Amino acid sequence: MSEHFDVHGGARLVGEVDVVGAKNSVLKLMAAALLAEGTTTITNCPQILDVPLMGDVLRSVGCEVVIEGDTATITTPAELSHRADSAAMGKLRASVCVLGPLVGRLKQAVVALPGGDAIGSRPLDMHQNGLRKLGATSTIEHGCVVAKAETLVGAQIWLDFPSVGATENILMAAVLAEGTTVIDNCAREPEIVDICTMLTEMGAKIDGAGTSTLTVHGVEQLHPTTHSVIGDRIVGATWAFAASMTRGDVTVRGVNPHHLDLVLNKLQLAGADVETFGDKGFRVVQPERPKAVDWVTLPYPGFATDLQPFAVALSAVSEGTSMITENVYEARFRFIEEMIRLSGDARTDGHHAVVRGVSRLSSAPVWASDIRAGAGLVLAGLCADGVTEVWDVFHIDRGYPHFVENLNRLGARIERVSGEPDRT
């Protein structure tokens, strides 16, 4: 049975909301547990669908995984399977991040190509090329990445694009390689810093976390650890956009606002008042209708592609005309097709979109194509006349714990409803 959200328009969001661990970090941290025999504990885990899915992936290679509340306990045996090709692999993109740990620990891996969000192609060329630089062979066979090495030896590796996934896989293979690996033009996201922190706690030797160059001095083995996941900056930013779109007043706790400097600065340009609380949280107050601003997605510290749907949704209700430029994933603009259903005035041309703000959107049935698009449609529904039906909400459940409950506590009116959509 399908589920959808009934989103009642006209809400002004007011109150406080807590942000838990980052989806884009916790799944990679769980994969990193493969690098050390014994029991690794990860706390501040978000209660989202992807966490138990990653648990299934780890069980498929021989781990014992217990998830209770916000804690995941992963016991990695001495003898792991090198085959990660279970059905769970096809349900989330992050499943491919077991490739680096398996190659690093076992010197071989067969990893099913990942599934997940429909936001465009994400080829694994850079992942494979990095492993080849370290001395492994890597091919695609029967829907799987197949990698094997006699030994891994440190190397100088240049990434053509600062890919988060490629940086993580190469990093996790390199920590157990012989000698020193230098990864240039690597990703700089806070989630990369988080995984470097955990690996260091496990005994890895890594320099340059948070910069465009990572230097990894290989060690013979790692040991288990206990690590707390950083706050989810994408979820935190979602609440910031929600406050601005609904002309609300929302305090967000549990996320470092400095991870969102660009977002919060842009919202100030849109007319919001922003207050930060050290590294613990922030408050966004939007006293009047937001003003149009332009947005350009770029790798961190630029504006995250994950937040592009919220930029489009905010622009759709802002005063004036905005241009949104997508430089990372070509299919993100699928979201705009659904915004047009809600009477958004938007046009796309290649990787640019022009959005002319309207004073009020109009409710309609809409379909989520990915996690962030789904959340963006819910926020748009809050700014529409009538009741907006948002379908395929399983996407939202993969990235937002207690999304409906948090919105209702802030003053929204949203219900989760079971049933099949009427597409006539």
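Residues numbered from 1 in each chain as written. Predicted model: local features only at pLDDT ≥ 70, side-chain atom pairs only at ≥ 80, totals over all residues. Heavy atoms only, no water.

**A few points about the nonpolar core**
Phase 1 of the analysis: Core analysis: the largest hydrophobic core is formed by 77 residues, its most contacted members being Val 98, Leu 171, Val 175, Leu 199 and Leu 222.
Phase 2 of the analysis: Setting aside residues up to four positions removed in sequence, Val 175 forms contacts with Leu 35, Leu 199, Ala 204, Ile 206, Val 216, His 217, Gly 218, Val 219 and Leu 222.
Phase 3 of the analysis: Val 19, Ala 240, Leu 382 and Val 393 belong to the second-largest nonpolar core, a separate cluster that totals 70 residues. (Core = buried A, V, L, I, M, F, W, Y, C linked by side-chain atoms within 4.5 Å. Buried < 20%, exposed > 50% of the residue type's maximum accessible area, 1.4 Å probe, protein only. Contact = heavy atoms within 4.5 Å.)

**Side note on the pairing of strand 19 (residues 321–325)**
Phase 1 of the analysis: The pairing of strand 18 (residues 295–296) with strand 19 spans two bridges and is parallel. Directly across from Trp 295, in strand 19, lies its bridge partner Ile 324.
Phase 2 of the analysis: As for the winding sense of the linkage, the β-α-β connection from strand 18 through helix 9 (residues 308–316) to strand 19 is right-handed.
Phase 3 of the analysis: Relative to strand 21 (residues 352–356), strand 19 runs antiparallel, the two sharing five bridges. Residue pairing for strand 21: Thr 321 is matched across the bridge by Arg 356. (Pairing = 2+ DSSP bridges. Helix = DSSP H or I, 4+ residues; strand = E, 2+ residues; numbered from the N terminus. Right-handed = clockwise from strand over helix to strand, strands pointing away.)

**Regarding the sheet that holds strand 18**
Phase 1 of the analysis: Sheet architecture is open: four strands sit in the order 18-19-21-20, paired in mixed fashion. Of all strands in the sheet, those with a lone pairing partner are strand 18 and strand 20 (345–349), marking the two edges.

**Considering the pairing of strand 7 (residues 108–112)**
The side chains of a regular strand alternate between the sheet's two faces.
Phase 1 of the analysis: Most of strand 7 sits out of view: four of its five residues are buried.
Phase 2 of the analysis: For the crossover from strand 6 (residues 83–84) across helix 3 (residues 99–106) to strand 7, the handedness is right-handed.
Phase 3 of the analysis: Bridge count between strand 7 and strand 9 (residues 144–148): five bridges; the pairing is antiparallel. Residue pairing in the sheet places Ala 112 in a bridge with Cys 144 of strand 9.

**Description of the environment of Ala 368**
Phase 1 of the analysis: Among the structural elements, Ala 368 can be located in the loop between strand 23 (365–367) and helix 11 (371–382).
Phase 2 of the analysis: Note: C-alpha distance between Ala 368 and Phe 277 (91 residues apart in sequence) is 33 Å.

**Details of the packing of aromatic side chains**
Phase 1 of the analysis: Per the stated rule, a full pass over the model turns up five aromatic pairs.
Phase 2 of the analysis: Ring centres of Trp 239 and Phe 403 lie 5.7 Å apart, and the angle between their planes is 40°; on these two criteria the pair is classed as tilted. Placement of the pair is Trp 239 in helix 7 (residues 233–245) and Phe 403 in helix 13 (residues 403–409), with a sequence separation of 164 residues. Like Phe 403, Trp 239 is buried.
Phase 3 of the analysis: Ring geometry for Phe 241 and Phe 310: centres 6.0 Å apart, planes at 25°, overall stacked. Taken together, the residues span a long stretch of sequence, with Phe 241 in helix 7 and Phe 310 in helix 9 at a distance of 69 residues. (Phe/Tyr/Trp six-rings, centres within 6.5 Å; stacked < 30°, edge-to-face > 60°.)

**Quick word on the sheet that holds strand 11 (residues 180–184)**
Phase 1 of the analysis: Spatial strand order, 10-11-13-12: four strands in an open sheet with mixed pairing. Unpaired on one side and paired on the other, strand 10 (156–158) and strand 12 (205–207) mark the two borders of the sheet. Sheet twist, expressed as the mean angle between neighbouring strand axes with direction ignored, is 15°.
Phase 2 of the analysis: Relative to strand 13 (residues 213–217), strand 11 runs antiparallel, the two sharing five bridges. Across the sheet, Thr 181 pairs through a bridge with Val 216, a residue of strand 13. (Axes fitted to C-alpha atoms, helices over the stretch in contact; angles between N-to-C directions.)

**Quick word on the packing of helix 10 (residues 334–341) against helix 11**
For any two helices packed against each other, one specifies the crossing angle of their axes together with the interaxial distance.
Phase 1 of the analysis: Packing of helix 10 against helix 11 leaves a shortest axis separation of 10 Å and a crossing angle of 20°. In terms of orientation, helix 10 lies roughly parallel with respect to helix 11. Along this stretch, helix 10 crosses helix 11, giving a crossing that reads as right-handed. Contacts between helix 10 and helix 11 involve Phe 335, Glu 338 and Met 339 from the first element and Ala 373, Gly 376, Leu 377 and Ala 380 from the second. (Parallel < 35°, antiparallel > 145°, perpendicular 65-115°, else oblique. Left-handed = near helix turned anticlockwise from the far one by under 90°.)

**Focus on the state of the cysteines**
Phase 1 of the analysis: One pass over the structure, following the stated rule, counts zero disulfides.
Phase 2 of the analysis: Residue Cys 63 stays outside any disulfide, its sulfur separated by 12 Å from that of Cys 97, the closest cysteine.
Phase 3 of the analysis: Owing to a relative accessible area of 6%, Cys 63 belongs among the buried residues under this scheme.
Phase 4 of the analysis: For the unlinked cysteine Cys 186, the closest cysteine sulfur is that of Cys 196, found at 7.8 Å. (Disulfide = S-S within 2.5 Å.)

**Notes on helix 5 (residues 164–174)**
Phase 1 of the analysis: Burial within helix 5 is extensive, with nine of its 11 residues counted as buried.
Phase 2 of the analysis: Inspection of helix 5 places Ala 166, Thr 167, Glu 168, Asn 169, Ile 170, Leu 171, Met 172, Ala 173 and Ala 174 among the buried residues, and these make up the whole buried set.

**Considering the side chain of Asp 50**
Phase 1 of the analysis: The topology assignment puts Asp 50 in helix 2 (residues 50–60).
Phase 2 of the analysis: Asp 50 sits in the buried class, given a relative accessible area of 0%.
Phase 3 of the analysis: Discounting chain neighbours no more than four positions away, the residues touching Asp 50 are Lys 23, Leu 27, Leu 92 and Arg 398.

**Details of the pattern of salt bridges**
Note on pairing: side chains with opposite charge can pair once their charged atoms come close.
Phase 1 of the analysis: If you walk through the whole model with that rule in mind, you get 15 salt bridges.
Phase 2 of the analysis: Across the pair Arg 416 and Glu 3 runs a salt bridge, and its minimum N-O distance is 3.0 Å. Within this pair, whereas Arg 416 is found in strand 26 (residues 414–418), its partner Glu 3 is found in strand 1 (residues 3–8), the two being separated by 413 residues in sequence.
Phase 3 of the analysis: Residue Arg 416 is classed as partly exposed on the basis of its relative accessible area, which comes to 39%.
Phase 4 of the analysis: In this structure Glu 3 comes out as partly exposed when scored by relative accessible area, which is 30%.
Phase 5 of the analysis: In this structure, Asp 345 and Arg 347 form a salt bridge, with 3.7 Å as the shortest nitrogen-oxygen distance.
Phase 6 of the analysis: Salt bridges sharing common partners tie together Glu 3, Asp 397 and Arg 416. (Salt bridge = Lys/Arg side-chain N within 4 Å of Asp/Glu carboxyl O.)

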